[in-house]
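Understanding the architecture of this molecule
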Amino acid sequence: MQTIMVTSDHARAHWQETIDAAFTEKNEIVIEQQGKPVATLVNYALFEEMKKELILLHGLQNAERNRQERMEHPSSTVTLTELAAKLNLAEQPAITSTKTRPTSKN
């Protein structure tokens, strides 16, 4: 993939050519105003892939933050059975768990 820098005036004057460059050639078009990037035009399929990867990355970051929190404060970890008791659930959940200290990732 190639990054192509264009001015907003050029993008406006050559809009179809600009879209075609992003779509058919799968280029990244960076549109500038007064010498500063203000927008990017990318192929839609690539955009969808990027969104999925970003969602996955955010999920992994959240999981790592939660793991670190459990490592720093293991007493804050609650088992499913303990949670059910705190919520005064009439029936115990079908799934039971045991509280274990999270292992560090080395």
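Everything that follows concerns the structure shown earlier in this document.
Everything in this summary refers to the structure shown in the same document. Treat the numbers as computed from the prediction; the structure is a model and nothing was measured. (Residues numbered from 1 in each chain as written. Predicted model: local features only at pLDDT ≥ 70, side-chain atom pairs only at ≥ 80, totals over all residues. Heavy atoms only, no water.)

Before going further, it helps to examine the overall build of the protein chain. A count of helices and strands for the protein chain gives 4 helices and 3 strands. In the protein chain, the succession of α and β elements from N to C terminus is β-α-α-β-β-α-α. Every one of the 106 residues in the protein chain was classed for burial, and the buried ones make up 16%. Considering only contacts in the protein chain between residues 6 or more positions apart, those separated by 24 or more positions represent 40%. By element, 57% of the accessible surface of the protein chain is carried by carbon and sulfur atoms, the whole surface being about 8,600 Å². (Helix = DSSP H or I, 4+ residues; strand = E, 2+ residues; numbered from the N terminus. Buried < 20%, exposed > 50% of the residue type's maximum accessible area, 1.4 Å probe, protein only. Contact = heavy atoms within 4.5 Å. Areas by Shrake-Rupley, 256 points an atom, 1.4 Å probe, with all protein chains shown as cover.)

Hydrogen bonds between backbone atoms are what pair the strands of a sheet, whose relative direction is either parallel or antiparallel. Taken in spatial order, the 3 strands line up as β1-β2-β3 in an open sheet, and their pairing is mixed. The open sheet terminates on both sides in strands that have one partner only, identified here as β1 (3-7) and β3 (36-41). In this sheet, neighbouring strand axes are inclined to one another by 30 degrees on average, regardless of whether the strands run parallel or antiparallel. Here strand β2 (residues 28-33) runs beside β3; their pairing, made up of 5 bridges, is antiparallel. Bridging from a neighbouring strand, V30 pairs with T40 of β3. (Pairing = 2+ DSSP bridges. Axes fitted to C-alpha atoms, helices over the stretch in contact; angles between N-to-C directions.)

Glancing now at helix α3 (residues 44-72). With 29 residues, α3 extends 42 Å between its outermost C-alpha atoms, agreeing within 8% with the 42 Å of an ideal straight helix rising 1.5 Å per residue. By the N-cap criterion, in which a side-chain oxygen at the helix start approaches the backbone nitrogen of a residue two or three places on, α3 is capped by N43, the distance to A45 being 2.9 Å. (Expected span 1.5 Å × (residues − 1). Polar contact = N/O pair within 3.5 Å; in protein donor to acceptor, adjacent residues only side chain to side chain.)

On to the pairing of β3. Across the 6 residues that make up β3, only a small minority, 0, are buried. Joining the antiparallel neighbours β2 and β3 is a turn of 2 residues, in which Q34 adopts a positive phi near 50 degrees.

Next up on the list: the side chain of S8. Within the secondary structure, S8 sits in helix α1 (residues 8-13). Judged by its relative accessible area of 15%, S8 falls in the buried class. Among all residues touching S8, those that are not within four sequence positions of it are I31, E32 and Q33.

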